[in-house]
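Listed below are the residues making up each chain.
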Amino acid sequence: ALVPALVAARTGARAAELLARLADHRRFGLQVVGVTTSEDLDPGAPGAPWLGTLDGLPRHLASSGAREVLVADDLGRLELLELLEACERAGVEA
């Protein structure tokens, strides 16, 4: 069974890059169920539905059923720490 995962990034453009790298995400055992970003998602970012901004991460985790979060390398230190804390509280791998 595939593991449901969210992609978290600062920008929609970076999320789209990560999604492109994961185009064959099933090979990795993942099913990308959504994207969350610090900023509004760029309209052209394909691959998974945008669920909203990172400040709503606990809600996005609950509504999507994600069990993992794939973190892009463009997040700031504070954003990353907050994301990791939210994942830990939700029992989700990041």
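In this text the structure is predicted, and so the values were computed from the model without any measurement.

Thresholds, definitions, all that
- Residues numbered from 1 in each chain as written.
- Predicted model: local features only at pLDDT ≥ 70, side-chain atom pairs only at ≥ 80, totals over all residues.
- Heavy atoms only, no water.
- Salt bridge = Lys/Arg side-chain N within 4 Å of Asp/Glu carboxyl O.
- Helix = DSSP H or I, 4+ residues; strand = E, 2+ residues; numbered from the N terminus.
- Buried < 20%, exposed > 50% of the residue type's maximum accessible area, 1.4 Å probe, protein only.
- Pairing = 2+ DSSP bridges.
- Axes fitted to C-alpha atoms, helices over the stretch in contact; angles between N-to-C directions.
- Parallel < 35°, antiparallel > 145°, perpendicular 65-115°, else oblique.
- Left-handed = near helix turned anticlockwise from the far one by under 90°.
- Contact = heavy atoms within 4.5 Å.
- Nonpolar A, V, L, I, M, F, W, Y, C, P; charged D, E, K, R; others polar.

Draft legend 1. Spatial organisation of the pattern of salt bridges. Evaluated as defined, the whole model comprises 3 salt bridges. One salt bridge connects Arg-10 with Glu-79, and the closest N-O pair in it is separated by 3.1 Å. Of this pair, Arg-10 sits in the loop between β1 (3-9) and α1 (12-21) while Glu-79 sits in helix α3 (residues 77-90), placing them 69 residues apart in sequence. Here Arg-10 falls in the partly exposed class, since its relative accessible area comes to 30%. The network of salt bridges with common partners includes Arg-14, Glu-17 and Asp-73.

Draft legend 2. Looking closely at the pairing of β1. Of all the 7 residues making up β1, 7 are buried; the element is thus mostly covered by neighbouring parts of the structure. Burial of the side chains of β1 extends over both faces: Val-3, Ala-5, Val-7 and Ala-9 are buried on one face and Pro-4, Leu-6 and Ala-8 on the other. As judged from the 4 bridges shared by β1 and strand β4 (residues 68-71), these two strands associate in the parallel manner. The residue bridging Ala-8 from the neighbouring strand is Val-71, located in β4.

Draft legend 3. Representation of the packing of helix α2 (residues 57-64) against α3. Their axes nearest at 9 Å, the elements α2 and α3 cross at an angle of 40°. Considered as vectors, α2 and α3 are oriented oblique to each other. In the packing of α2 onto α3, the handedness of the crossing is right-handed. In this structure, α2 contributes Leu-57, Pro-58 and Leu-61 to the contact, and α3 contributes Leu-83, Ala-86, Cys-87 and Ala-90. Along the lines of polarity and charge, the residues of the contact of α2 with α3 split into 7 nonpolar, no polar and no charged.

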